[in-house]
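# Secondary and tertiary structure notes
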Amino acid sequence: MKILSMSGFVPEEICDTVRFSGYTGERNITHFCGYANDFISQVMLDDSIDGAIFPRSCDSTRIIPSYLKGSSKFQYQLKVPARSDDYAIEYFAMQLKQLRVAIEEYYHEELGDISNRIEMVNCRNEIIGSYYEKLDRISYKDYIDAIHEELSVALHESKHDELNRIEVTNPTYKHRVYLIGSFLANTDIIRKIEGCGLKIVGDNLPESGRIQNSIVESFDEDVYAAISRKVLSRRLSPTQNNFSKIISFDVNEMCKLHAEGVIFVSQKYCEPYDYLYSVYKKKLDELHIPVLHLSLSNSEDLSKAKLMIEAFADTL
Amino acid sequence: MAQTIGKIQTRLMREYYKYFSKYAKGKTPESKVAWVTSFVPVEILEAMDILYYYPESYAAVIAASEREQELLAESERQFLTTDCCSYSCCIEGCVSLEDGPRGKLPKPDILIATNNQCNTLPAWWNILAERYNVPLVILDYPGEDMEKEIAYRYVKSQHDDLISELEKLTESKFEPEKLANVISNSERSVKAWQNVILNLRTKDIKPTMLFDDINYLITARCKEQTAELYDMMASELSQKEEITDGKIPVFWIGYPLWYHQDRFFSEIMYDYRIVGSNYITWWNLDYSGNNSSEKLFNAYNYTFLNLSQKTRNARLSKLIKESGAKCAISLRNKSCKCDFVSAKDISIPKSEIEIDMIDRSFLDIEKATGVLELLKTTIH
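Residues numbered from 1 in each chain as written. Chains lettered and ligands numbered in written order. Predicted model: local features only at pLDDT ≥ 70, side-chain atom pairs only at ≥ 80, totals over all residues. Heavy atoms only, no water.

## Some words on the pairing of strand S4 (residues 74-79) of chain A
All names here are of chain A. Selection criterion: Per-residue accessibility, obtained with a 1.4 Å probe over protein chains only, is compared with the maximum for each type, and a residue is labelled buried under 20%, exposed over 50%, and partly exposed between these values. Comment: elements are numbered from the N terminus, with helices defined as DSSP H or I runs of at least four residues and strands as E runs of at least two. A pair of strands counts as paired when DSSP detects no fewer than two bridges linking them.
Most of S4 is tucked away, with five of its six residues classed as buried. Pairing geometry for strand S3 (residues 51-56) and S4, over six bridges, is parallel. Bridge pairing in S4 links alanine 52 to glutamine 75.

Pasting the structure below:
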């Protein structure tokens, strides 16, 4: 079983998945998020992948099933609730139960003990949390690469080697910045940022700031409800429709971390982040916090980023 | 007869626009105001005497009034990229400049959006919520993949919560009987509209009229006069001559071009006649059920754009078959990803044309002409 998952809404507690991080795809769908386009390509073309789990959380992910229709691989779309209240938690828990049944039916394989997997995810996220707290003393590039490596292997196979190898090096830097965006498939951008003397001291990325210390606290209740509660209650994605809560949390954190600027990375045609940016930018302007917006064409795009980052660093 | 149709249309439109700044002359609404997306269960609002307005429809009016370019430019100045849905960009420009062909929309007391059409609308409503600092309600409709009983419970709980929220806002008690009456108005409007659009296939009518007149089903479906209006229109259209122009019958898949005076590129379609369109069926909501809760669930959980590709294919195939179309024009709309997959699996020859329903600069008319010429060669 090698299932490619897209987004942090696909809970690793149910079964092993490989987190999609980037792919050289065909990119032939116009006005469509390059990241989602590349995900479709990998599911269709990569023979080492035998299944896909993805959310319905934005317009690009919403129509993925239409493009995967010809594939005989396992496919499951999780309808991520547009809200985070108790009804939504109950509804999402139902979907997680259905997801498990669907996987077991397709692969003719019984999935293991969920509580055991919960503990493994908790442990991993706490380790990420421990490094997140010392971002100003480690290389952010090493940190994100280690997380991506961690997400690309099966949970039970992971010994957290990559994460544990991160060293506290107290790198020198000129300015402290805060990073905002969706899954950062292309970590070369970070190399450019750090190369310009900018230190990323905090972020709201789905693979970092949003999952660090995100744990299932107790699963005495229905285990699916517990996972659902965790996924829907942690730091929010813009697809969960509460921009004010996102901005208020992030701004508090960036002030606490003394961030001097913000780098906002989004995929072209990623509407949730485009809408969020329009509100975010105004808020940061009010607070006199400079912001650089990098809009990337796909999961590998780097064009123009270097020059823009250099220019931004000069303004700080 | 025509005059009576005109009178009802005028009355409905006058009622709808009376608090827009151009006509209100400083007068403020006597009721609470909601801004809603096109598939919000407005029957609940109507039953609670709340005024509701559709920014999407107003964006269409803006484009029809040739004002969209200046407002799209303003949207960019407000940091909202025009890669986003043009409805939202147009309105962002409009609310920022406090200007539009009919002035400003009345200020909202509450914002309500649904995801049974697309996921863009809730995101757009978030930026409106930031601007106006009023409560935002997002209604989440699971669609058909989720077990019906679970989906029903989830949707009903949200509708119940919406009612409680509106009771607080209006400081008045919700009356279930009133809702039942309003829903039957909507049912009648849908039925009457279905009779109107039946005529497109055989009668000498311009699709422009239907693209425009569906507006009453969108903005006034639960008003009593809407069914009356459509009944009159259906009766009038049925008496029209049968069409015998020998043009190629074509099915239009996608939005009308709101900026175009005919709502479609009539100048290059002289060999074609539009005999069907999926857009004009989107608000044919199915209010089946034993009580108001079930009716609203069925109507709003199973909207066309909230269906699976498989069900959409089946519905679209049926519509195309009934229309007698020999080919289709499928619009790849920059502003609507959810719609352009609708036409993926149709069985008649089709041509894809890239457009935006609001931004006229998107259409390459020469390219479209070539595409339509090519389409002709595939039809026997």
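## Focus on the nonpolar core
Our working definition: Residues belong to one nonpolar core when they are buried, are Ala, Val, Leu, Ile, Met, Phe, Trp, Tyr or Cys, and are joined through side-chain atoms within 4.5 Å. All the domain ranges listed were derived from an automatic or database domain assignment.
Within the largest apolar cluster, 244 residues are counted, with the highest numbers of intra-cluster contacts made by Tyr143 of chain A together with Phe265 of chain B. Looking at this core element by element, the count peaks at nine residues for helix H4 (residues 86-107) of chain A. Two domains each put at least three residues into this core: domain 1 (17-175) and domain 2 (179-376) of chain B. Of all hydrophobic cores here, the second largest spans ten residues; its members include Phe251, Ile253, Ala328 and Ala343 of chain B.

## Brief notes about the pattern of salt bridges
Inclusion rule: The working definition used for a salt bridge is a side-chain nitrogen of Lys or Arg within 4 Å of a carboxyl oxygen of Asp or Glu.
If you walk through the whole model with that rule in mind, you get 43 salt bridges over all chains. As a salt-bridge pair, aspartate 145 of chain B and lysine 79 of chain A come within 3.2 Å of each other at their nearest N and O atoms. One end of the pair, aspartate 145 of chain B, is in the loop between strand S4 (136-139) and helix H8 (148-170); the other, lysine 79 of chain A, is in strand S4, on a second chain. With its nearest N and O atoms 3.2 Å apart, the salt bridge here joins arginine 100 of chain A to glutamate 104 of chain A. Of the two residues, arginine 100 of chain A and glutamate 104 of chain A both sit in helix H4, four residues apart, roughly one turn of that helix. The structure contains a network of salt bridges with shared partners spanning Arg235, Asp250 and Glu253 of chain A.

## Overview of the packing of helix H6 (residues 86-97) of chain B against helix H7 (residues 120-132) of chain B
Residues and elements named next belong to chain B. Our working definition: Each axis is a line fitted through C-alpha atoms, and for a helix only the stretch in contact is used; angles between axes span 0 to 180 degrees, taken between their N-to-C directions. For classification purposes, angles smaller than 35 degrees are called roughly parallel, those larger than 145 roughly antiparallel, those between 65 and 115 roughly perpendicular, and all remaining angles oblique. Between two residues, a contact is recorded if the distance between any of their heavy atoms is within 4.5 Å. When residues are sorted by character, Ala, Val, Leu, Ile, Met, Phe, Trp, Tyr, Cys and Pro go into the nonpolar class, Asp, Glu, Lys and Arg into the charged class, and all the rest, Gly among them, into the polar class.
Here H6 crosses H7 at 10°, and the two axes come no closer than 11 Å. The angle between H6 and H7 places the two elements in the roughly parallel class. On H7, the residues that touch Tyr87, Ser88, Ile91, Glu92, Val95 and Ser96 of H6 are Trp124, Ile127, Arg131 and Tyr132. Looking at the contact of H6 with H7 residue by residue, the classes come out as six nonpolar, two polar and two charged.

## Points about the side chain of histidine 148 of chain A
Residue and element names in this part refer to chain A. So the rule is basically this: Nitrogen and oxygen atoms within 3.5 Å of one another constitute a polar contact, given that in protein one can donate a hydrogen and the other can accept it, and given that sequence-neighbouring residues count only through two side-chain atoms.
By secondary structure assignment, the location of histidine 148 is in helix H6 (residues 140-151). Side-chain polar atoms of histidine 148 contact the side chain of glutamate 207, separated by 2.8 Å. The contact partners of histidine 148, leaving out residues within four places of it in the chain, are Phe183, Leu184, Thr187 and Glu207.

## Digging into the sheet that holds strand S8 (residues 350-355) of chain B
Residues and elements named next belong to chain B. As summarised here, the arrangement of the four strands in space is S6-S5-S7-S8, forming an open sheet in which the pairing is parallel. Strands with a single pairing partner mark the edges of an open sheet, and in this sheet they are strand S6 (272-277) and S8. Neighbour-to-neighbour, the strand axes of this sheet turn through a mean angle of 30°, independent of strand direction. By the bridge criterion, six bridges tie strand S7 (residues 327-333) to S8 in an arrangement that is parallel. Note on S8: the bridge partner recorded for asparagine 333 is isoleucine 355. Its contacts with the sheet put helix H14 (residues 309-323) on strand S5 (248-253) and S6, and the angle it makes with S5 is roughly 155°. Of the strands in this sheet, S5, S6, S7 and S8 are in contact with helix H16 (residues 365-377), which crosses S8 at around 170°.

## Thoughts on the domain arrangement of chain B
Residue and element names in this part refer to chain B. Operational definition: Summed over both partners, the accessible area lost on bringing two parts together, with a 1.4 Å probe, is the buried area.
Split by domain assignment, chain B resolves into domain 1 (17-175) and domain 2 (179-376). For domain 1 versus domain 2, the distance between C-alpha centres works out to 23 Å. Each partner contributes residues to the interface: domain 1 has 44 residues there, and domain 2 has 42 residues. Taken over both partners, the interface formed by domain 1 and domain 2 buries close to 3500 Å², and the fraction arising from carbon and sulfur atoms is 58%. Three residues, Phe39, Glu43 and Glu144, lead the burial of domain 1 against domain 2; their summed loss comes to 20% of the area buried on that side. In this structure, the connection of domain 1 to domain 2 is made through three salt bridges. Of the charged contacts, one joins lysine 223 and glutamate 46 as a salt bridge, the two residues approaching to 3.2 Å between their closest N and O atoms.

## Considerations on empty space enclosed by the protein
Picture a little ball the size of a water molecule; that probe, rolled over the atoms, points out where space is still empty. Residue and element names in this part refer to chain A. Selection rule: Using a 1 Å grid laid over the protein atoms alone, points where a 1.4 Å probe fits but cannot get out form a cavity; open sets with protein on both sides within 12 Å along at least 5 of 7 lines form a pocket; any residue with an atom within 4 Å of a point counts as lining. Grid points are joined across faces, edges and corners, and a volume is the space filled by probe spheres set on the points.
Following the criterion strictly, the structure yields nine cavities of 30 Å³ or more and no others. Approximately 350 Å³ is the volume found for the largest cavity. Ser7, Ser57, Cys58, Ser182 and Tyr273 are, among the 27 residues lining the largest cavity, the residues nearest its centre. The residue inventory of the lining of the largest cavity, partitioned by class, reads 13 nonpolar, nine polar and five charged. Computed from the structure, the second largest cavity encloses a volume of approximately 240 Å³. Around the second largest cavity sit 27 residues that line it, and Val10, Glu12, Arg19, Arg124 and Leu151 are the ones nearest its centre. Contributions of two or more residues to the lining of the second largest cavity are made by strand S2 (18-19), helix H5 (114-132), H6 and helix H9 (223-233). Examining the composition of the lining of the second largest cavity, we find that four residues originate from one element, H5, more than from any other.

## Section: the interface of chain A and chain B
Taken residue by residue, the interface counts 41 residues in chain A and 51 residues in chain B. When chain A packs against chain B, the two sides together hide about 4100 Å² of surface, and 53% of this comes from carbon and sulfur. At the boundary of chain A with chain B, the tally comes to four salt bridges. Note that lysine 282 of chain A is salt-bridged to glutamate 92 of chain B, the shortest N-O span being 3.3 Å. Where the side of chain A that touches chain B is concerned, the elements lending two or more residues are helix H2 (59-62), helix H3 (64-67), H4, helix H10 (243-256) and helix H11 (271-286) of chain A. Looking at the side of chain A that touches chain B element by element, the count peaks at nine residues for H11 of chain A. Residues that form the side of chain A that touches chain B fall into these classes: 17 nonpolar, eleven polar and 13 charged.

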